[in-house]
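Structure assessment
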Amino acid sequence: MTTALITGAAGAIGQAIATALGDAGMRLALADLDPDAAIAGLPAHLRGRAAAHRLDVTDDTSCAAVTAAVDDLSLLVNAAGVMVRRTALQTGVATFQHVLDVNLTGAYRMARAAHPALATNRGSIVSISSTHAFLAARGSFAYGVSKAGVSHLTRLLALEWAADGIRVNAVAPTVVPSAMTADVLADPAYVDRKMAAIPLGAPVAPAHVAAAVAYLASPAAASTTGQILVLDGGESLA
Ligand SMILES: NC(=O)c1ccc[n+]([C@@H]2O[C@H](COP(=O)([O-])OP(=O)(O)OC[C@H]3O[C@@H](n4cnc5c(N)ncnc54)[C@H](O)[C@@H]3O)[C@@H](O)[C@H]2O)c1
């Protein structure tokens, strides 16, 4: 049985991904700033095949230690992330650097740390990008820049690591209900505006993100690398 290492595993999306991959038969390494919440959020029937690790993706030593502690690592899912809802002028350099450090450099740190095991096991990486990577949304400046970076990191790692047998892909959802979006989804004006912009008229379920991750990680996607699978209910069509 091979192991999936999931960062941000205490979040709504990380939990759904862990559940889908566990139900697909993988062992789970759940990594988060809050490992207790990560394990508590996993359905009871999967806890026997899961281990939780405290991880700070902004810390090289933490990324290396967690990656080294995982046996038979064949899938890295980069789902750790932070959102700051500020414009460019409101953000400031320190906050900008922090958001990039978690969302973009964190994915790079984890990919580097996982590379030897993924090359040995002919594994893959799936990162959670966002529609913010390619739609210029007002008011979340650092986040949008960081996710554009995650999408291009995906393409460049796919190109460089194909020869090592490692596939690298990403999923780019529009709004998903989670702690990260609880504030905006509680605002009726935001919800009206956002749902009007999404032709299918609904947020993306965490389980739909998880299903896309499970597909990209599976042998069925053996020909797919460097791709960003957009889950936006058609938002980017118009
Ligand atoms: N919710 C959405 O609408 C949405 C849409 C597109 C993409 N995403 C992305 O999906 C991923 C998961 O988001 P979510 O909605 O589940 O949010 P969430 O806030 O519920 O979960 C994020 C998780 O990341 C962890 N985390 C934050 N900083 C960390 C660090 N330094 N080291 C390790 N873990 C850290 C948090 O502890 C938390 O458990 C993020 O990358 C997010 O940007 C979310």
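Up top you'll find the structure we're talking about.
Rules and cut-offs
- Residues numbered from 1 in each chain as written.
- Predicted model: local features only at pLDDT ≥ 70, side-chain atom pairs only at ≥ 80, totals over all residues.
- Heavy atoms only, no water.
- Axes fitted to C-alpha atoms, helices over the stretch in contact; angles between N-to-C directions.
- Helix = DSSP H or I, 4+ residues; strand = E, 2+ residues; numbered from the N terminus.
- Parallel < 35°, antiparallel > 145°, perpendicular 65-115°, else oblique.
- Left-handed = near helix turned anticlockwise from the far one by under 90°.
- Contact = heavy atoms within 4.5 Å.
- Nonpolar A, V, L, I, M, F, W, Y, C, P; charged D, E, K, R; others polar.
- 1 Å grid on protein atoms, 1.4 Å probe; cavity = no way out; pocket = protein on both sides within 12 Å on 5 of 7 lines; lining within 4 Å.
- Points joined across faces, edges and corners; volume = space filled by probe spheres on them.
- Expected span 1.5 Å × (residues − 1).
- Buried < 20%, exposed > 50% of the residue type's maximum accessible area, 1.4 Å probe, protein only.
- Pairing = 2+ DSSP bridges.
- Right-handed = clockwise from strand over helix to strand, strands pointing away.

Some words on the packing of helix H1 (residues 12-23) against helix H9 (residues 206-217)
Where H1 meets H9, the closest approach of the two axes is 8 Å, and the angle between their N-to-C directions is 50°. On the basis of their axis angle, the class for H1 and H9 is oblique. The handedness of the crossing between H1 and H9 comes out as right-handed. Residues Ala12, Ile13, Ala16, Ile17, Ala20 and Leu21 of H1 form the contact with H9, whose own contacting residues are Pro206, Ala207, Val209, Ala210, Val213 and Ala214. Considering only residue class, the contact of H1 with H9 consists of 12 nonpolar, no polar and no charged.

Points about the side chain of Ser124
Of note, Ser124 is situated in strand S5 (residues 124-128). Aside from chain neighbours lying at most four places away, what touches Ser124 is Ser74, Leu75, Leu76, Leu118, Ile166, Arg167, Leu216 and Ala217.

Points about the layout of surface pockets
What the largest pocket holds in volume is close to 1,100 Å³. Lining the largest pocket are 48 residues, and of these Met83, Arg85, Tyr143, Met180 and Thr181 sit closest to its centre. Its residues assigned to classes, the lining of the largest pocket comprises 24 nonpolar, 16 polar and 8 charged. Computed from the structure, the second largest pocket encloses a volume of approximately 300 Å³. In this structure, the second largest pocket is lined by 17 residues; those nearest its centre are Ser124, Arg167, Ala217, Ser218 and Pro219. Contributing elements (two or more residues each) for the lining of the second largest pocket: strand S4 (73-78) and H9. Counted by class, the lining of the second largest pocket contains 8 nonpolar, 7 polar and 2 charged residues.

Structural notes on helix H5 (residues 93-121)
An α-helical segment advances 3.6 residues per turn. Residues three or four places apart therefore align on the same side. Over its 29 residues, H5 runs 39 Å from end to end, which matches the ideal 42 Å to within 8%, given 1.5 Å per residue. Turning to H5, its buried residues number three or more, namely Val99, Leu100, Val102, Asn103, Leu104, Gly106, Ala107, Arg109, Met110, Ala111, Ala114 and Leu118. Looking at the packing, one finds that the buried side of H5 touches strand S1 (3-7), helix H3 (60-68), S4, S5 and helix H6 (141-161).

Remarks on the packing of H5 against H6
In contact at an axis separation of 8 Å, H5 and H6 are set at 20° when each is read in the N-to-C sense. As far as their axial angle goes, H6 and H5 are roughly parallel. Between H5 and H6 lies a crossing whose hand is right-handed. Within the contact between the two elements, H5 uses Phe96, Val99, Leu100, Asn103, Leu104, Ala107, Tyr108, Ala111, Arg112 and His115 and H6 uses Phe141, Ala142, Tyr143, Val145, Ser146, Lys147, Gly149, Val150, Leu153, Leu157 and Trp161. Each residue belonging to the contact of H5 with H6 can be placed in one class, and the counts come to 15 nonpolar, 4 polar and 2 charged.

Here we look at the pairing of S1
The side chains of a regular strand alternate, residue by residue, between the two faces of the sheet. Of all 5 residues in S1, 5 are buried, a share of seventy percent or more. In S1, alternate side chains face the same way, and those of Thr3, Leu5 and Thr7 on one face and Ala4 and Ile6 on the other are all buried. Sheet topology note: the S1/strand S2 (residues 27-32) ladder contains 5 bridges and is parallel. If you follow Leu5 over to S2, its bridge partner there is Ala29. In this view, the connection linking S1 to its parallel neighbour S2 by way of H1 has right-handed handedness. With 4 bridges joining them, S1 and S4 adopt parallel strand pairing.

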